[in-house]
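Breakdown of the fold
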Amino acid sequence: MSINTTNYFARRQQLMAQMQARGGGVAVIPTAREWIRNSDNHFPFRHDSYFYYLSGFNEPEAVIVLVTTADKQESILFCREKNPEREIWDGFRFGPEAAAQEFAFDAAYSIASLAEKLPELLSDAHTLFYSAAQEPHIDSQVQQSLQAVRDKGRSGIKAPSISVDVRELIDEMRLFKDATEIALMQRAASISAAAHTRAMRSTKPGKFEYELEAELLYEFRRNGAQAPAYGSIVATGANACILHYQSNHAQIKDGDLVLIDAGCEFDSYASDITRTFPANGKFSPAQKRLYEIVLASQQAALECARPGSVYMDGHNAAVRVLTQGMLDTGLLDRNKVGSLDDAIANAAFRQFYMHGTGHWLGLDVHDVGDYRASTAAEKTEDTRPYRQLQPGMVITIEPGIYVRPAENVPQEYWNIGIRIEDDILITADGHVNLSRDTPKNVAEIETEMAKP
């Protein structure tokens, strides 16, 4: 087995151990579908993250089935048959026999045989581990298979009587990154850091947002990243106050700030970096004032990025610095909102900072994993305490300020949008900033932009 295949095999074993602890049963995990873009053209295929996490297999039309009983554990892959004619048009296929060997499955069969074999596998299984309403065509296949087993009830064969969302079991596994995953995420972040730096250097008033996006994409692909991890945001001037702006068509003007939120995906793992910088290479006094408030708020959050901190500690620390800055600059009127504690308690800061300070990062840019602790006493989502950070977790830290024109808001700050975001690995003794190579403070940015 290769190192990567060993990791995928070990993850399947870990999942089957969890299934065994719940009485055993059958897990069904499909990959994503291919989607038509238009006519007979498809969108580029991207596997389902759960499926890939357990297999490393990157072909469409595939399903993993894991079987656990009191005396047996078996991992099975259903995939496309070899087809030399289709491979001429669409590319290489492993086929079941080679896939079983290459990806360390106990057995592999044609995807066309799933309808026949799944009822056999589900017969007398204790629990069905499956996430419904994700892939409707597989939902239908699972329901038909369950019915086929129920139809054998007079023969003493039973269908699973318990259903468990298998993704909830995998979520907790995916939340903690192993050494291979961390290396891939570091590579993704390093490529993205170079792309942000390239975009900074190429920025000039008169260019268009899409020209900077092109610089990002070029740097991603030339370094081996397969795709952007999400739609790149390149927002100049007032567009930076639109959180999910993606038109990327406006012309950059002298005196604008440019906000770029972009990251590549490298071998399926995401990066997510945001930088904000002046189009002409020099921050104005008002821009610098707000920028340094956001930078200080990120530093406050970074100081909470360590084992034992509660997930929301970083957000709360950032909000406190941001709100104080809003009061100091007159974005918030003390006569109206009161003290710092009053402004936080009343959420007055949300006029200029309306999102959270981060999220999990991994195979998905907004990665899976529960943000709240699992406790017996508190069951509802909004009453459970936030969980503590632990080594192996990766989070983003991304505070910002967004100033839209409004009455009683100082005009010098109008249409300034600033966000600073880094990718942070929690370690045993603190954290590592995976995106540390991206210019961030005022001096670094202005120096970088002055280079030819």
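To keep things clear, this report deals only with the structure shown in the data block. Computed from a predicted model, the values in this text were never measured in an experiment.

**Some remarks on the overall build of the protein chain**
Within the protein chain one finds 14 helices and 19 strands. Out of the 452 residues belonging to the protein chain, those deemed buried represent 53%. Here the analysis covers contacts within the protein chain between residues at least 6 apart in sequence; of these, 69% occur between residues at least 24 apart. When the accessible area of the protein chain is evaluated, it comes to approximately 20,500 Å², of which 50% is carbon and sulfur surface.

**Points about the environment of Ser247**
With respect to the secondary-structure elements, Ser247 resides in the loop between strand S10 (233–236) and strand S11 (257–262). Relative accessible area serves as the criterion here: at 47%, Ser247 is assigned to the partly exposed category.

**What to know about the packing of helix H8 (residues 179–202) against helix H9 (residues 209–222)**
As a packed pair, H8 and H9 sit with axes 8 Å apart at the nearest point and diverge in direction by 145°. Crossing handedness for the pair H8 and H9: right-handed. Between H8, through Ile191, Ser192, Ala194, Ala195, His196, Arg198, Ala199 and Ser202, and H9, the contact on the second element is made entirely by Leu212, Glu215, Leu216, Tyr218, Glu219, Phe220 and Arg222.

**A closer look at the pattern of salt bridges**
Tallying each qualifying case throughout the model produces 27 salt bridges. Notably, a salt bridge pairs Arg46 with Glu265, separated by 3.1 Å at the nearest N-O pair. Taken together, the positions of Arg46 in the loop between strand S3 (41–42) and helix H2 (49–55) and Glu265 in strand S12 (residues 264–266) put the pair 219 residues apart, joining distant regions of the chain. Overall, the relative accessible area of 27% leaves Arg46 in the partly exposed class.

**Some details on helix H6 (residues 136–150)**
An α-helical turn contains 3.6 residues, so any two residues separated by three or four positions project in the same direction. Here H6 spans 21 Å end to end across 15 residues, near enough to the 21 Å set by a 1.5 Å rise per residue. Looking at the buried residues of H6, the elements they touch are strand S1 (25–30), strand S4 (63–68), helix H5 (114–122) and strand S7 (127–129).

**Considering the sheet that holds strand S6 (residues 107–110)**
Pairing in this open sheet of six strands is mixed, and the strands run S6-S5-S4-S1-S7-S8 from one edge to the other. Because the sheet does not close on itself, it has two edges, and the strands there are S6 and strand S8 (162–164). Geometrically, the sheet is characterised by an average inter-axis angle of 20° between neighbouring strands, direction not taken into account. Together, S1, S4 and S7 form the strand contacts of H6, whose direction differs from that of S1 by roughly 155°. Strands S1, S7 and S8 of the sheet are contacted by helix H7 (residues 166–175), whose axis makes an angle of about 75° with S1.

**Quick notes on the pairing of strand S15 (residues 394–397)**
Residues of S15 alternate between two faces, with Val394 and Thr396 on one and Ile395 and Ile397 on the opposite face, all of them buried. Where S15 and strand S18 (residues 422–427) come together, four bridges link them in antiparallel fashion. Paired with Val394 across the strands is Leu425, a residue of S18.

**Brief notes about the pairing of S1**
Here S1 lies mainly inside the structure; six of its six residues are buried. In the sheet, S1 pairs with S4 via six bridges, with the strands oriented antiparallel. Its bridge partner being in S4, Val28 is matched across the sheet by Val65.

**Some remarks on the side chain of Glu265**
The class for Glu265 is buried, based on a relative accessible area of 11%. Side-chain polar atoms of Glu265 contact the side chain of Arg46, separated by 3.1 Å. Not counting the four nearest positions on each side in its chain, Glu265 is found in contact with Arg46, Ala225, Gln226, Ala227, Pro228, Ala229, Ala270 and Leu363.

**A look at the sheet that holds S11**
With antiparallel pairing, the three strands of this open sheet are ordered in space as S10-S11-S14. What marks the edges here is a single partner per strand, and that holds for S10 and strand S14 (273–278). On average, adjacent strands in this sheet sit at an angle of 10° to one another, irrespective of strand direction. Looking at chain direction, S11 and S14 are connected through six bridges and run antiparallel. Bridge assignment links Val258 to a residue of S14, and that residue is Phe277.

The rules we used
- Note on numbering: residues in each chain are counted from 1, in written sequence order.
- With the structure being a predicted model, the display of local features is reserved for residues of pLDDT at least 70 and the display and counting of side-chain atom pairs for 80 or more, all residues being used for whole-chain, interface and lining totals.
- Water and hydrogen atoms were dropped before computing side-chain values, which therefore reflect all heavy atoms in the structure.
- The numbering of helices and of strands both runs from the N terminus, where a helix is a DSSP run of H or I of at least 4 residues and a strand a run of E of at least 2.
- Here's how the labels work: a residue is buried when its accessible area is under 20% of the maximum for its type, exposed when over 50%, partly exposed in between, all with a 1.4 Å probe on protein chains only.
- Contact between two residues is taken to exist if any of their heavy atoms lie within 4.5 Å; hydrogens are not considered.
- Areas reported here follow the Shrake-Rupley algorithm with a probe of radius 1.4 Å; residue values treat only the protein chains shown as occluding.
- In this analysis an axis means a line fitted to C-alpha atoms, helices contributing only their contacting stretch, and an angle means the value between N-to-C directions, from 0 to 180 degrees.
- Handedness of each helix crossing follows the sense of rotation of the near helix against the far helix: counterclockwise by less than a right angle gives left-handed, clockwise gives right-handed.
- Salt bridge, as applied in this entry: a Lys or Arg side-chain nitrogen positioned within 4 Å of an Asp or Glu carboxyl oxygen.
- Expected helix span is given by 1.5 Å per residue-to-residue step, counting one fewer step than there are residues.
- By the convention used here, strands pair only if DSSP detects at least 2 bridges between them.
- Residues adjacent in sequence count toward polar contacts only when both atoms are side-chain atoms; beyond that, a polar contact is any pair of N or O atoms within 3.5 Å, and within protein one must be able to donate a hydrogen and the other to accept it.

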